[in-house]
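Each chain is listed here by its residues.
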Amino acid sequence: MDSRETKRTVPVPSAPTDGEQPNSQTPDLSISEAATENNPQDESMEDILRELQRTSDPAYLHTVSMNELYQNVYQSRPPIIDGLLYPGTYLFAGAPKVGKSFLMAQLAYHVSMGLPLWGYPVHKGTVLYLALEDDHRRLQGRLYRMFGMDGTNDLLFAIHAKQLGVGLEGQLKMFVREHPDTKLIIIDTLQKVREAGGDKYSYANDYEVVGTLKRLADDCGICLLLVHHTRKQQADDKFDMISGTNGLLGAADRAFLLQKEKRTDGSAILDVAGRDQQDQRMYLTKDRERLVWELERLETEPWVEPPDPVLEAVVALVTADRPAWGGTATELAAALQTDMKPNALAMRLNVRAGRLAAEYHIRYENSRSHAGRSITLTLEPPQA
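Remember, predicted model here, so these are calculated numbers, not experimental data.

Q: Which residues make up the sheet that holds strand β9 (residues 267–274), and what values do they have?
A: Pairing within the open sheet is mixed, and its nine strands lie in the order β5-β4-β6-β7-β3-β8-β9-β10-β11. At either margin of the open sheet sits one strand with a lone partner, and together these are β5 (155–158) and β11 (293–298). Recorded for the sheet is a direction-independent mean angle of 20° between the axes of neighbouring strands. Here five bridges tie strand β10 (residues 280–286) to β11, and the two strands are oriented antiparallel to one another.

See the structure below:
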């Protein structure tokens, strides 16, 4: 979701690391531009120069106060699969031959077609699947058995790719430029794209490998799914079975873990864990004819955020008959007929702008000009 940041500080902070995006994709302002924007007209030139000197000091540390955080609007990117798959970087780990590639093909197909998966709503988009341990013949046979004749041009495969540090990043960025509706890229497997040489299995190296891919995913606004193996040794925390050091999981946003009690079993457990996402455990069974995974049951029902009366009041205000509203926070409080103070109302909407957009398709902006702050609410068509 493209958006513009409504408030700037000096200098502009880097993007958050938790997958939530400030509503700005514009380049950083220069120090002089930032100083002009963030200082009222009546501020003295001495104060402006003093601030420029302070922020240009090599020892300067940019900080943001709690109140400044509340004054900004950060737009969360919409999910790819509601409650299951979001923009960011995931590890998908499992033992060899456990059925990871079949599940990856299933995820890729459902996203590229916009078909619900296990009852979870799916948002359609282009998918790139780097099937680096397969060939075209095996892919053809697997996909035909799983999905029959219902093909799509929005699911693309590559069986060769460059490695990290020697061209992979450029290849993936070029693909996204050529397919701007890309939602998901699967790398099967992570080991195939790791840069050759060096201390491969140190915590620092593992963290940097996944961190590099995470920066790419965040920059492109996509989900990057990295298929990886588990080791044979058992662990109290199942996610500690992921091969390599904890640096892999530490740098990723979230992780899937697919396990069977026996390799020959037709059932498996899929665990999901990570930042800003409910931990889940799913019990899956494999259709022996089509080789697709089916959901047998959930250990816990997905958590649903309770209704917010302020957002519901906004939904009643901004409708198809009146798809846009603009004014001050005071005017909005009056229009919503709420007892909340204007500043508290604006702060609440600043914090919940992402939910307002994702659930109700209403874009919220809180901008500042010489005349003061103004709020705009715009009804937008839902994404596919």
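Q: Would you mind going over the pattern of salt bridges in detail, with residue names and values included?
A: Overall, the coordinates contain 16 salt bridges when judged by the stated rule. Among the ionic pairs, Arg281 bridges to Asp271, the shortest N-O distance being 2.7 Å. Placement of Arg281 in strand β10 and of Asp271 in strand β9 is noted, with a sequence separation of 10 residues between them. Taking the relative accessible area as the measure of exposure, Asp271 reaches 7% and is therefore buried. Close ionic contact of Arg363 with Glu365 constitutes a salt bridge, the shortest N to O distance being 3.8 Å.

Q: An account of the packing of aromatic side chains is requested, with residue identities and associated values reported.
A: Under the defined criterion, the tally for this structure stands at five aromatic pairs. Look at Tyr90 and Phe256: their rings are 5.3 Å apart centre to centre, the planes differ by 20°, and that puts the pair in the stacked class. Here Tyr90 is found in strand β3 (residues 88–94), whereas its partner Phe256 is found in strand β8 (residues 254–259), with 166 residues between them in sequence. The burial state of Tyr90 is the same as that of Phe256; both residues are buried. Ring pairing ties together the aromatic residues Tyr90, Phe92 and Phe256, which thus form one cluster. Positioned above the aromatic ring of Phe102, the side-chain terminus of Arg142 is 5.2 Å from the ring centre.

Q: Tell me about the sheet that holds strand β13 (residues 362–369), and please be specific about residues and values.
A: Spatial ordering of the open sheet is given by β12-β14-β13, a layout of three strands whose pairing is antiparallel. The open sheet has two edge strands with one neighbour each: β12 (324–327) and β13. Sheet twist, expressed as the mean angle between neighbouring strand axes with direction ignored, is 10°. In this fold helix α10 (residues 329–336) packs onto β12 and β14 (372–379), with an angle of close to 130° to the strand it touches most, β12. Running over the sheet, helix α12 (residues 353–360) touches β13 and β14 and is turned about 145° from β13.

Cut-offs and rules
- Every chain's residues receive numbers from 1 upward, in the order its sequence appears when written.
- Per-residue local features are limited, in this predicted model, to residues with pLDDT of at least 70; the limit for side-chain atom pairs, both in listing and counting, is 80 or more; totals at the level of whole chains, interfaces and linings are taken over all residues.
- Only heavy atoms go into the side-chain values, all of them from the structure, while hydrogens and water stay out.
- We call two strands paired when DSSP finds no fewer than two bridges between them.
- Helix and strand assignments follow DSSP, with helices taken as H or I runs no shorter than four residues and strands as E runs no shorter than two, numbered in order from the N terminus.
- To get an axis, a line is fitted to the C-alpha atoms, and for a helix only the part in contact is used. The angle between two axes follows their N-to-C directions and goes from 0 to 180 degrees.
- Salt-bridge detection follows one rule: a side-chain nitrogen of Lys or Arg within 4 Å of a carboxyl oxygen of Asp or Glu.
- Exposure categories follow from relative accessible area, calculated using a 1.4 Å probe and restricted to protein chains: below 20% of the type maximum is buried, above 50% is exposed, and the middle band is partly exposed.
- Stacked, edge-to-face and tilted are the three classes for Phe, Tyr and Trp ring pairs, Trp counted by its six-membered ring, which pair at centre distances within 6.5 Å; planes under 30 degrees apart are stacked, over 60 edge-to-face, the rest tilted.
- Consider the ring centre and the ring normal. A charge sits over the ring if Lys NZ or Arg CZ is within 6 Å of that centre and within 35 degrees of that normal.
- We call two residues in contact when some of their heavy atoms are within 4.5 Å.

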